[in-house]
Amino acid sequence: MNESALHFYDELAENYHLIFEEWTRAVISQGDTLSRIIRSKFTTSVTEEITLLDCSCGIGTQAIGLALNGFKVTATDLSPVSVERAKKEAMSFGVELNGGVADFRSLDKDVSGMFHIVLSADNAIPHLLADEDLLKAASNMYDKMENNGLLLITIRDYDELVKLKPKATEPRIFDQGKRIVFQVWDWEEESATYLTNHFIMQEIDGVWKTKHNKTRYRALLREEFSRILTQAGFSSIEWLMPSETGYYQPIVTARKK
């Protein structure tokens, strides 16, 4: 099976909402939480609408929630299938998402305009395994931001995960036991990367069906990523933990000088 991030999200797009107990509720909740965090950090006086680029929008989980909170959102993703679904889902919520297909590493060419906020959520950045690609992505995000703009990225707490290198996530059981979502992680011996095997199991009309996709991540440590953000030109780098924000992953914020 293809392990690329593009293939992973193209294949997962149709069923991505099944990862959540109730996706609609997650859209609203995450949008409210991220909006509160952004507005607490975004001190620059802006008279017009605050423009935001969600450059790993997936099916719109954060982009739609933030549009509902009054941001003017451009939503891009590597996966064209995900982007198409995000636009359709946005219409059902009564908001509009601009944007299209774009790679982190070529936002300067793929996306027009400049933004007050650049966002990447849901552990998307660690799909980039090499420092070179991470720096290229960070530099492209920097280039798409207005002066004194705010970067906001969420990733897994790899500082803790690398200590134990867990073999699997705890299964989440929904729909009175008829839907189970979990991941199995195969860690590389000689590197800080791991292969995620993603499973969605559903009982439909008395028959259990399993959807399996896989992709590779880097266990990106906070110090490593902070160093790369500094290289790209960012300042005021700050890590916010879930206990502080109420968001389910650690968040790093930074400023364009």
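Right above here is the structure, for reference.
Residues numbered from 1 in each chain as written. Predicted model: local features only at pLDDT ≥ 70, side-chain atom pairs only at ≥ 80, totals over all residues. Heavy atoms only, no water.

Colleague: Go over the nonpolar core, please, and point to the residues and values.
Modeller: If you look at the biggest cluster of nonpolar residues, it comprises 78 residues, and the most contacted ones within it are I38, L97, M141, L151 and F225. Ranked by residue count, the leading element in this core is helix α2 (residues 23-41), at 6 residues. The contact partners of I38, leaving out residues within four places of it in the chain, are L52, L66, F71, I117, L150 and L152. (Core = buried A, V, L, I, M, F, W, Y, C linked by side-chain atoms within 4.5 Å. Buried < 20%, exposed > 50% of the residue type's maximum accessible area, 1.4 Å probe, protein only. Helix = DSSP H or I, 4+ residues; strand = E, 2+ residues; numbered from the N terminus. Contact = heavy atoms within 4.5 Å.)

Colleague: Lay out the state of the cysteines with the relevant residues and their values.
Modeller: Under the criterion given, the structure shown has 0 disulfides. Free of any disulfide, C55 has its nearest cysteine sulfur in C57, 9.2 Å distant. Classification of C55 as buried rests on a relative accessible area of 2%. (Disulfide = S-S within 2.5 Å.)

Colleague: Break down the packing of aromatic side chains for me, with residues and values.
Modeller: Enumeration according to the criterion identifies 11 aromatic pairs in this entry. On the basis of an interplanar angle of 50° and a centroid distance of 6.1 Å, the ring pair of Y16 and F20 is categorised as tilted. Accessibility expressed as a relative area gives 14% for Y16, which makes it buried. Using a relative accessible area of 14% as the deciding quantity, one classes F20 as buried. Between the aromatic rings of F182 and F199, the centroid separation amounts to 5.0 Å while the plane-to-plane angle is 15°, which identifies the pairing as stacked. Of this pair, F182 sits in strand β6 (residues 179-187) while F199 sits in strand β7 (residues 193-204); the two residues are 17 residues apart in sequence, bridging distant segments of the chain. Positioned over the ring face of F71 is R39, at 4.3 Å from the centre of the ring. The aromatic ring of Y217 is capped on one face by R156, whose charged end is 5.1 Å from the ring centroid. (Phe/Tyr/Trp six-rings, centres within 6.5 Å; stacked < 30°, edge-to-face > 60°. Lys NZ or Arg CZ within 6 Å of the ring centre and 35° of its normal.)

Colleague: Outline the packing of α2 against helix α3 (residues 61-68), listing residues and values.
Modeller: Closest axis-to-axis distance for the α2/α3 pair is 7 Å, and the angle between their directions is 65°. For the pair α2 and α3, the sense of crossing is right-handed. The segment α2 lies against α3, with W23, V27, I28, Q30, G31, L34, S35 and I38 engaging T61, Q62, I64, G65, L66 and L68. The residue inventory of the contact of α2 with α3, partitioned by class, reads 8 nonpolar, 6 polar and no charged. (Axes fitted to C-alpha atoms, helices over the stretch in contact; angles between N-to-C directions. Left-handed = near helix turned anticlockwise from the far one by under 90°. Nonpolar A, V, L, I, M, F, W, Y, C, P; charged D, E, K, R; others polar.)

Colleague: Provide a residue-level description of the layout of surface pockets, including the pertinent values.
Modeller: Space inside the largest pocket adds up to approximately 840 Å³. Contributing to the lining of the largest pocket are 35 residues, with I19, R156, R172, Y248 and Q249 lying nearest its centre. Counting only elements with at least two residues in the lining of the largest pocket, the list comes to α1 (5-12), α2, β5 (172-174), β6 and β7. It is α2 that provides the largest number of residues to the lining of the largest pocket, a total of 5 residues. Its residues assigned to classes, the lining of the largest pocket comprises 17 nonpolar, 10 polar and 8 charged. By volume, the second largest pocket is sized at about 380 Å³. Around the second largest pocket sit 25 residues that line it, and A5, Y9, L78, F104 and H127 are the ones nearest its centre. When contributions to the lining of the second largest pocket are tallied by element, the ones reaching two or more residues are α1 and α3. A per-element tally of the lining of the second largest pocket places α1 first, with 3 residues. Its residues assigned to classes, the lining of the second largest pocket comprises 14 nonpolar, 6 polar and 5 charged. (1 Å grid on protein atoms, 1.4 Å probe; cavity = no way out; pocket = protein on both sides within 12 Å on 5 of 7 lines; lining within 4 Å. Points joined across faces, edges and corners; volume = space filled by probe spheres on them.)

Colleague: Explain α1 residue by residue, including any values.
Modeller: Those residues of α1 that sit buried are A5, F8, Y9 and L12. End-on view of α1: buried residues confined to an arc of 85°, all on one side of the axis. Summarising the contacts, the buried residues of α1 are in contact with α4 (80-93), β7 and β8 (207-218). (Arc of directions from axis to C-beta.)

Colleague: Can you explain the sheet that holds β7? Please cite residues and give values.
Modeller: An order of β5-β6-β7-β8 is seen for the 4 strands of this open sheet, with the pairing classed as antiparallel. Lying at the two open borders of the sheet, with one neighbouring strand each, are β5 and β8. Averaged over all pairs of adjacent strands, the angle between strand axes in this sheet comes to 20°, irrespective of strand direction. (Pairing = 2+ DSSP bridges.)

Colleague: Could you give me a rundown of the pairing of strand β4 (residues 145-154), with the residues and numbers involved?
Modeller: Of all 10 residues in β4, 7 are buried, a share of seventy percent or more. When strand β3 (residues 115-120) meets β4, the two strands line up parallel, connected through 5 bridges. Bridge assignment links I117 to a residue of β4, and that residue is L150. Between the parallel elements β3 and β4, the chain passes through helix α6 (residues 131-143) in a crossover that is right-handed. (Right-handed = clockwise from strand over helix to strand, strands pointing away.)

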